[in-house]
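Close look at the chain arrangement
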Amino acid sequence: MQSAAIEIRDAEFFYGSTRAVVVPGLEIAKNRITAFIGPSGCGKSTVLRAINRMNDLVPGARVTGEIRFNGHDLYGPDIDPVEVRRRIGMVFQKPNPFPKSIYDNVAYGPRLLGIRDKARLDTIVESSLRDAALWDEVKNDLKKSGTRFRAGSSSGCASPAPSLSSQRSS
Amino acid sequence: MANLIDSGAYRSQVKRRNARTLIMQRLSLATLAVSIIVLALLLLNVVNQAFGLVAQRYTVDPDTLAERPLAELSPPELAAVLLEHVPRRLLVIVRDNLYRGDPAAFTRLTLGESIDGDVPETVHGLLPTDLPEAERNRIFAELLGLNVSEDVLRAIIDAEIVKTEIDKGWSLHESLLNRAAIEVDMLTNYPDSELVFKSWLDVRFVTSQLSSRPVETGIRQAILGTAWLLALTVLISFPLGVGAALYLEEYASDNWFNRIIETNIRNLAGVPSIIYGMLGLTVFVRTFEGVTGGRSIVSGALTLSLLILPIIIISAREALRAVPSSLREASYGLGATRWQTLSRQLLPSALPGILTGAILGLSRAIGETAPLFGIAATFINTDPTGPGSRFTVLPMQIYAWTGQPDELFRFNASAAIIVLMALLLAMNSAAIYLRNRAVNQRV
């Protein structure tokens, strides 16, 4: 078997002093789609959010054990959470577009990485929207408000992250 | 089903429930009515005092000053009236109206140097003391005619020659409903005076300087002082308040030290304003006199900033907290740093709320008298020229006037209250406009 993209070993996820989830061992393969299935509240999101360190934003949340991404310990001492999130993308269960135009929504990720060149941004926005099969629907409304469209989900697509942990409603 | 609806128990239950709802509705309507009535009474009371009949007389009848009515004369003709009636006052009039420097130095400068305006070539190099008095006064009158507007010249003529005196003023209410009694009062007590309707609030009142005579006084210094003070207060308190709110909301960890700071800020918002006044007097006016210049606009602005900082911090924090967490997560999820999320998502989203808080704080600042006690002056007749100037503000002036023994100042106070309320209203409308624009730009 090819080496796993993400490995979780002996991980315990806490909110404050409450132990929410235990994951003895889990491997997520490269270039495959992996789904977590379980009843509401069983900890699918907690595990998922721990993989790109979104749980750092929740006060009191912490993880013990090991979560490795391409061999690196994601919770190692010299790992920058911002860098983790730039490499591991996340698409949320509910589309949550920014209150900006469709164009600005899609270009948000690339701009965070310092891309300022208008032509390059245009290309990225178009190809991302094409990949999300939204281009024909919104190409004439790029400067209009993004909140009314599903473009929120495509802002994740414009992030040049190599792996996408996708969260979908059941 | 039909049986249930027809049953007496069901009907009486619904009836009782509806009656209770109706009572609550009526009660809240009544409270609304009471507050509207109180507000209306307040407004009526102010308006009542700002307009009305007055018993007015002149030292010199303005109709005898020139062959035509003063209202039709041009500036040079008005200046000629001054030259004819009060030649000895011309030096002071020119110095007060056409010169901006140190009054004592005026006679040591040539006219070309001292006069702020057009000066004929022929007198450019002359010192006021060089000339025989008659010649000097003729030149002064010429300068006034060249450089001063008709309105200002008429005001000068009124103050220097006509010297309007008001013996008594009546409120608008009395003027409208009790005219007969007022006329009897006029005949018995003020036979030499004439009864005219006066609006205490007019352009002259807003644009002329403070004076110890209620007929002459204006509120220019108070308006300018208020404007300077508010501008400086915004510049100091807005960046400080928003910065502090950002730190407390986004960076500070939840430990006992930060919790103490937070509790204290909430308490500071409730501290009586006179205490800030004492603090400002001790710290900014006395201790840091070298930096602030003592009783200056800077000291006043720093004191008011202290007063409204808690309001700005608290409301900015509420605004930041109200930003939906999905925005935060979406931004962080795309790999944004804390600062990128702050500057691109949180601050723009929270801006309308932050602005609202700042405006609330400023609205409080514009009406405060107590914290400026000992910092602002009451009677001052020089315009503020910079942050280091001495100053007075509208509420201070209103307070000072209501305490004067001369009852006529009360009419001035009411007129000033109307100006203050108009300023407040204009400020709040501008703020609401700004806020709505910020909201519309976002979505």
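Since the model is a prediction, treat every value here as computed from it, not as a measurement.

**Topic: the pattern of salt bridges**
As enumerated under the stated definition, the model contains 28 salt bridges over all chains in all. Residue D122 of chain A pairs with K118 of chain A through a salt bridge whose shortest N-O separation is 3.0 Å. Here the residue D122 of chain A and the residue K118 of chain A both occupy positions in helix α4 (residues 118-131), the gap between them amounting to four residues, near one helical turn. Exposure remark for D122 of chain A: the relative accessible area of 31% places this residue in the partly exposed category. Residues participating in the shared-partner salt-bridge network are E249, E262, R317 and R321 of chain B.

**Quick word on the packing of aromatic side chains**
Scanning the model with the defined rule gives eight aromatic pairs over all chains in all. Ring centres of Y99 of chain B and F106 of chain B lie 5.0 Å apart, and the angle between their planes is 55°; on these two criteria the pair is classed as tilted. Since its relative accessible area comes to 10%, Y99 of chain B is described here as buried. With 6.1 Å between their ring centres and 85° between their planes, W256 of chain B and F257 of chain B make a pair best called edge-to-face. Put simply, the rings of F205, W401 and F409 of chain B pair up and form one aromatic cluster. One residue, R62 of chain A, lies across the ring of F14 of chain A, its end atom 4.3 Å from the ring centre.

**Quick look at helix α18 (residues 394-402) of chain B**
Given 3.6 residues to a turn, an α-helix orients residues that are three or four positions apart in the same direction. In terms of burial, α18 of chain B is a largely internal element, seven of the nine residues being buried. Within the span of α18 of chain B, buried status applies to L394, P395, M396, Q397, I398, A400 and W401 of chain B.

**Some remarks on the nonpolar core**
Residues and elements named next belong to chain B. In terms of nonpolar packing, the biggest core is built from 43 residues, with I219, L229, L372, F391 and W401 touching the most fellow members. Sorting the residues of this core by element identifies α11 (220-251), α13 (273-287), α15 (297-321), α17 (338-366), α18 and α19 (409-442) as the ones contributing at least two each. Among the elements that line this core, the one with the most residues is α19, at seven residues. The contact partners of L372, leaving out residues within four places of it in the chain, are L229, G300, L304, F391, V393 and M396. In this structure, L65, I115, V119 and V148 belong to the second largest nonpolar core, which totals 32 residues.

**Regarding the domain arrangement of chain B**
Domain annotation for chain B reports domain 1 (62-199) and domain 2 (220-442). Here the C-alpha centre of domain 2 of chain B lies 40 Å away from the C-alpha centre of domain 1 of chain B.

**Considerations on the sheet that holds strand β1 (residues 51-57) of chain B**
All names here are of chain B. As summarised here, the arrangement of the three strands in space is β2-β1-β3, forming an open sheet in which the pairing is antiparallel. The open sheet has two free edges, formed respectively by β2 (165-169) and β3 (194-199), since each of these has just one partner strand. Neighbouring strand axes in the sheet, compared pairwise and without regard to direction, differ in orientation by 45° on average. By the bridge criterion, six bridges tie β1 to β3 in an arrangement that is antiparallel. Bridge assignment links G52 to a residue of β3, and that residue is K198.

**Comments concerning the interface of chain A and chain B**
Counting residues at the interface gives 25 residues for chain A, matched by 18 residues for chain B. Our enumeration of links across chain A and chain B arrives at one salt bridge. Across the pair R49 of chain A and E329 of chain B runs a salt bridge, and its minimum N-O distance is 2.9 Å. Summed over the shared surface of chain A and chain B, the number is five residue pairs in polar contact (both at pLDDT 80 or more). Residue assignment for the side of chain A that touches chain B shows that the elements contributing at least two residues are α2 (81-87), β5 (88-91), α3 (102-112) and α6 (151-157) of chain A. Top contributing element to the side of chain A that touches chain B by residue count: α3 of chain A, with four residues. Classifying every residue of the side of chain A that touches chain B by side-chain character gives eleven nonpolar, eight polar and six charged.

**What about a nonpolar patch on the surface?**
Residue and element names in this part refer to chain B. The grouping of I274, I275, M278, F373 and Y399 at the surface amounts to a nonpolar patch, some 480 Å² of accessible area in total. Ranked by the residues each element gives to the nonpolar patch, the list is headed by α13, at three residues. Examined against the element boundaries, F373 turns out to sit in the loop between α17 and α18. Assessed through its relative accessible area of 36%, F373 is described here as partly exposed.

Analysis parameters
Chains are numbered independently. Their residues run from 1 in the order of the written sequence. Chain A is the first chain written and ligand 1 is the first ligand written, with later ones labelled in order. Only residues with pLDDT of at least 70 are given local features in this predicted model, and only at 80 or more are side-chain atom pairs given and counted; all residues enter the totals for whole chains, interfaces and linings. By convention in this description, side-chain values take in all heavy atoms of the structure and omit both hydrogens and water. For this document, the term salt bridge refers to a Lys or Arg side-chain nitrogen within 4 Å of an Asp or Glu carboxyl oxygen. We count a stretch as a helix when DSSP gives it H or I for four or more residues in a row; a strand needs E for two or more, and each element gets its number in order from the N terminus. For every residue, the accessible area (1.4 Å probe, protein chains only) is compared with the maximum for its type, and the residue is labelled buried under 20%, exposed over 50%, or partly exposed between those bounds. We call Phe, Tyr and Trp rings a pair once their centres come within 6.5 Å, taking the six-membered ring for Trp, and we label the pair stacked below 30 degrees between planes, edge-to-face above 60, and tilted otherwise. Only Lys NZ and Arg CZ are tested; either one counts as a charge over a ring when it is within 6 Å of the ring centre and within 35 degrees of the ring normal. Throughout, nonpolar core names a set of buried Ala, Val, Leu, Ile, Met, Phe, Trp, Tyr and Cys residues whose side chains join them through atoms within 4.5 Å. Residues count as neighbours in contact if any of their non-hydrogen atoms are within 4.5 Å of one another. In this document the domain limits rely on a domain assignment from an automatic tool or a database. Between any two strands, at least two bridges found by DSSP are needed for them to pair. For helices, the fitted axis covers only the stretch in contact; all axes are lines through C-alpha atoms, and the angles between them, taken along N-to-C directions, range from 0 to 180 degrees. Polar contacts, as used here, are pairs of N or O atoms within 3.5 Å; protein pairs need one atom able to donate a hydrogen and one able to accept it. Residues neighboring in sequence count only if both atoms are side-chain atoms. Gly is put with the polar residues, along with every residue not named as nonpolar or charged; the nonpolar set is Ala, Val, Leu, Ile, Met, Phe, Trp, Tyr, Cys and Pro, and the charged set is Asp, Glu, Lys and Arg. Within the patch definition used here, like charges are joined within 9 Å and nonpolar side chains (Val, Leu, Ile, Met, Phe, Trp, Tyr) within 5 Å, considering only residues with over 30% relative accessible area and no salt bridge. Note on areas: Shrake-Rupley with a 1.4 Å probe; residue coverage comes only from the protein chains shown.

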